[in-house]
Amino acid sequence: MRDTNMFGTLLVFCFMILCSPFLLLNYLGLFVFNSLWLWCISIFNVKCDFLRDTTIRSLVDTPRNQGIFTVLLNIQGPAQPEAVRRHLQEVLNRRDKRGNLTFPRLRQFLVKRFGKYAWRELDFELNQNLLIAAPNYRGRPISDINIQDYITDIVLKYLPNGVSPWQMVIIPSTNVQHYILLRVHHAIINGGVNMADLLPIIQPMQYSIPTADSKLPLLNVAKKPKYVPLLKERFLEDFTNLWNEFVSSCDPLEQTELIKTSPGLFQYLGIMLITWVSICKECRKGYNAVKQDPISKMRYFNATFVKETNRRQLTFSNFLNALFETIHPINIIKGVLNWWYWLLLLLLKVPVLIYQELMTVYSCYKTEYCGYSNTITGFLYGYIPLFYNATNEICYYLGLLIQAPAIIFEQIVFEPETIQTIPPCGRKVVSWSEPVNVNFIRKIAKSTGVSETEILLATISTTIARYCAQAGVVTPCEIPVTIRNVNSNYIFLSGDHVKPQDCVSGLIGLRLPVLSSEKDETFLENLRVVKDNFAKAMDSQAVSYLLTILQTKYGTLTNFLPATLIQVLLRYLSRKYTISITEITNNYNNTTVRTTWGKEVTNVIYWRPPQANMSISLCYNQYGENITLGVMCDAQLLPYHSVLTKDFPEHIEDIAISAHLN
């Protein structure tokens, strides 16, 4: 069976290798076709500024099922509409160094022409995007009791046509607290606007972008290479030292006496090599300071070439002099005598060299430290372990690369549809849970030997079972879900140096066990199954994880594959993976942000919209010391969507009791 699986994996990999030239040609064809298509439709739509990049959400976006990101702020104190208005006016009027608007998209509305999104100018009025809600809902004051119904009522409505696709709603509640709801179309986020630009908050003074060295499992799916960078660094260091020695001995600018003497042919070739390297370095640094057209770059290259060759006196006449100097009989005799001299000197130094090699071997064996790095043993001692470990890493990544096509093919073709779905209507409803202390979850994770992410996934197992029971849906044994990590910088940071794409991890798909009453399993047994499935998914999906990162940052998949094929594939996969999970993690432990008027933001809830055939989007929001589960569902799931969130603290308690922590 194992041999059959290996044969199938190799067969799929070989097929992908054969298709790689087609993918390259497809990329070139799509690039040319899209450029010509945009040029043609721009002629007929002069007032429209078409989007150049194609994203996954733009492919599955429809007028009825839009990708609207939503953030809810719970703020201390009474509402301050004027302070919010001043903040938005400052953002809308902000200009860059050239005097252009920093965020022109916030003043434009989105249209679709010939299958492409485009921005178009409008007579912008802030009152169309900034709304102040009534303090009452259905005859009752807005409070913690009815705020979820009120927010759902707002989110249920589409953004109005003919205005810029973002909306901020100020929701007065009491003198103790109020709410701000922000809804932003994905095209605005992809257009260079961060959520923190619109939110009236003061950014954290200290921030960091999470890396693969983080303890978060979703940031460590693809093992970061360790020895390959070390080998590269060691090689570059040794090569740099050799190059500097070569330059110091052969460059006329370093050794001025070389200009006064007639160099030989080999010495002249060394000077030519140094000159060409200097020209390349100067051009690399100077191209950014000149115009980007080819003529300006050619003029700069010519000026650099003339300058560097004149400094080192590289002329054709000097080349002929070097050639004649080399083939002169007297110089040939001097060269032969010099060669015999160095050979005799080497023979006399052989005992000393052998002694140094032996001392190096002894030092490496006794102290595990090489004290003679200029010996052959020292060279091998430094490079062989690095080369061996780097080779193992390369083989590991080659193995992942070979397995990846078969795994992706299996997920696309053989992943079953395990839960009954209905075509989404496109309107969204939201709900959220009571906050749970993150330190309590970490304590449970440490006690049970799992990660915090696996604890959160285990709560979904019970949540899905209860939802299926109340909605009258057949409860599956397992359900395919997708999960990714989003750093809180996505919400709280802004500026030219902050890109939302850098805060989003790759995507993995896993089969999540559903803990129903029919199963004879405890919470801890279910947690172990979750851990095993999660580990298996991370081990096998490193390449697909990296592909989704490349798509998020650079649009790799949408550049290599036709849009129609991706649309069909996404709608097909979203019927299988009907639930998406997002883990929002916070870099600022035990800290909260404040508004521009100095009030503390007590809670932040972020929702990512489900699109295509997805129906449920679960977001675990870590803010301050708490985690809040927020869910955004298709309106077809009303009124059962609240079942997915209301028992979240209870599920955490159940796992804690099973682990004897409560």
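Residues numbered from 1 in each chain as written. Predicted model: local features only at pLDDT ≥ 70, side-chain atom pairs only at ≥ 80, totals over all residues. Heavy atoms only, no water.

## Structural notes on unusual backbone geometry
Argument step 1. Here the residue pair Leu 638 and Pro 639 is connected by a cis peptide bond, since its omega of 0 degrees sits within 30 degrees of zero.
Argument step 2. Of note, Pro 639 is situated in the loop between β19 (626-634) and α21 (643-646).
Argument step 3. Although it is not a glycine, Ala 612 sits at a positive phi angle of roughly 55 degrees.
Argument step 4. If you trace the backbone, Ala 612 turns up in the loop between β17 (601-607) and β18 (616-623).
Argument step 5. Overall, the relative accessible area of 7% leaves Ala 612 in the buried class.
Argument step 6. Of note in this structure, His 660 is not a glycine but carries a positive phi near 60 degrees. (Helix = DSSP H or I, 4+ residues; strand = E, 2+ residues; numbered from the N terminus. Buried < 20%, exposed > 50% of the residue type's maximum accessible area, 1.4 Å probe, protein only.)

## Here's the deal with the packing of helix α17 (residues 523-540) against helix α22 (residues 648-658)
Argument step 1. Two elements in contact, α17 and α22, have axes separated by 8 Å at closest approach and are oriented at 105 degrees. In terms of their interaxial angle, α17 and α22 are classed as roughly perpendicular. Residue-level contacts link Phe 523, Leu 524 and Leu 527 of α17 to Asp 654, Ile 655 and Ser 658 of α22.
Argument step 2. Its residues assigned to classes, the contact of α17 with α22 comprises 4 nonpolar, 1 polar and 1 charged. (Axes fitted to C-alpha atoms, helices over the stretch in contact; angles between N-to-C directions. Parallel < 35°, antiparallel > 145°, perpendicular 65-115°, else oblique. Contact = heavy atoms within 4.5 Å. Nonpolar A, V, L, I, M, F, W, Y, C, P; charged D, E, K, R; others polar.)

## Describing the domain arrangement of the protein
Argument step 1. According to the domain assignment, the protein consists of domain 1 (18-48), domain 2 (56-198), domain 3 (227-386) and domain 4 (415-659).
Argument step 2. Contacts between the two partners involve 6 residues from domain 1 and, on the opposite side, 7 residues from domain 2.
Argument step 3. Each partner contributes to the roughly 620 Å² buried at the junction of domain 1 and domain 2, and carbon and sulfur atoms together form 69% of this total.
Argument step 4. Taken together, the connections running from domain 1 to domain 2 amount to 0 salt bridges.
Argument step 5. The residue inventory of the side of domain 1 that touches domain 2, partitioned by class, reads 4 nonpolar, 1 polar and 1 charged. (Domains from an automatic or database assignment. Buried area = accessible area lost by both parts, 1.4 Å probe. Salt bridge = Lys/Arg side-chain N within 4 Å of Asp/Glu carboxyl O.)

## Let's talk about the nonpolar core
Argument step 1. Core analysis: the biggest nonpolar cluster contains 58 residues, and Ile 455, Leu 457, Ile 508, Ile 581 and Leu 618 have the highest contact counts within it.
Argument step 2. Counting residues per element, this core draws most heavily on helix α15 (residues 452-471), which supplies 9 residues.
Argument step 3. When neighbours within four sequence positions are excluded, Ile 455 is seen to be in contact with Ile 441, Ile 444, Ala 445, Thr 448, Val 450, Leu 527, Ile 652 and Ile 655.
Argument step 4. Core analysis: the second largest hydrophobic core is formed by 52 residues, Leu 126, Ile 491, Phe 492 and Cys 619 among them. (Core = buried A, V, L, I, M, F, W, Y, C linked by side-chain atoms within 4.5 Å.)

## Section: the pattern of salt bridges
Argument step 1. Evaluated as defined, the whole model comprises 13 salt bridges.
Argument step 2. Note that Arg 466 is salt-bridged to Glu 650, the shortest N-O span being 3.4 Å. Of this pair, Arg 466 sits in helix α15 while Glu 650 sits in helix α22, and the two are 184 residues apart along the sequence.
Argument step 3. Judged by its relative accessible area of 27%, Arg 466 falls in the partly exposed class.
Argument step 4. If you follow the salt bridges from partner to partner, you end up with Asp 251, Glu 308, Arg 311 and Arg 312 in one network.

## Comments concerning the packing of α15 against α22
Argument step 1. As a packed pair, α15 and α22 sit with axes 9 Å apart at the nearest point and diverge in direction by 120 degrees. As α15 runs across α22, the sense of the crossing is right-handed. The residues of α22 that touch α15, namely those facing Ile 455, Leu 456, Ala 458, Thr 459, Thr 462, Thr 463 and Arg 466, are Phe 648, Glu 650, His 651, Ile 652, Asp 654 and Ile 655.
Argument step 2. Of the residues in the contact of α15 with α22, the class split is 6 nonpolar, 4 polar and 3 charged. (Left-handed = near helix turned anticlockwise from the far one by under 90°.)

## A look at the sheet that holds strand β1 (residues 48-50)
Argument step 1. Taken in spatial order, the 3 strands of this open sheet run β1-β4-β3, and their pairing is antiparallel. Looking along the sheet, the strands with just one partner apiece sit at the ends: β1 and β3 (108-113). Neighbour-to-neighbour, the strand axes of this sheet turn through a mean angle of 35 degrees, independent of strand direction.
Argument step 2. Across 3 bridges, the pairing between β1 and strand β4 (residues 116-121) is antiparallel. Counterpart to Asp 49 in the pairing with β4 is Trp 119. (Pairing = 2+ DSSP bridges.)

## A few points about the side chain of Ser 451
Argument step 1. For Ser 451, the location among the structural elements is in the loop between α14 (438-448) and α15.
Argument step 2. Since its relative accessible area comes to 19%, Ser 451 is described here as buried.
Argument step 3. Residues within four places of Ser 451 in sequence aside, it is in contact with Pro 217 and Ala 445.

## Describing the sheet that holds strand β8 (residues 166-172)
Argument step 1. With mixed pairing, the 5 strands of this open sheet are ordered in space as β5-β8-β9-β2-β17. Every other strand in the sheet has two partners, leaving β5 (130-132) and β17 as the edge strands with one partner each. Geometrically, the sheet is characterised by an average inter-axis angle of 15 degrees between neighbouring strands, direction not taken into account.
Argument step 2. Strand direction decides the pairing type here: β5 and β8, joined by 3 bridges, are parallel. Bridge pairing in β8 links Leu 131 to Val 169.

## Some points on the packing of aromatic side chains
Argument step 1. Per the counting criterion, the structure on display carries 15 aromatic pairs.
Argument step 2. Ring geometry for Phe 33 against Trp 37: centres 6.5 Å apart, planes inclined by 5 degrees, an arrangement best described as stacked. Of this pair, Phe 33 and Trp 37 both sit in helix α1 (residues 2-44), separated by 4 residues, roughly a single helical turn.
Argument step 3. Using a relative accessible area of 52% as the deciding quantity, one classes Phe 33 as exposed.
Argument step 4. The partly exposed category is assigned to Trp 37, whose relative accessible area is 32%.
Argument step 5. With a centroid separation of 6.5 Å and 70 degrees between ring planes, the pair formed by Phe 69 and Tyr 490 is classed as edge-to-face. With a gap of 421 residues between them, Phe 69 in strand β2 (residues 68-76) and Tyr 490 in helix α16 (residues 489-492) connect regions that are remote in the sequence.
Argument step 6. Across from the ring centre of Tyr 117, 4.9 Å away, lies the NZ or CZ of Lys 112, which sits over that ring. (Phe/Tyr/Trp six-rings, centres within 6.5 Å; stacked < 30°, edge-to-face > 60°. Lys NZ or Arg CZ within 6 Å of the ring centre and 35° of its normal.)

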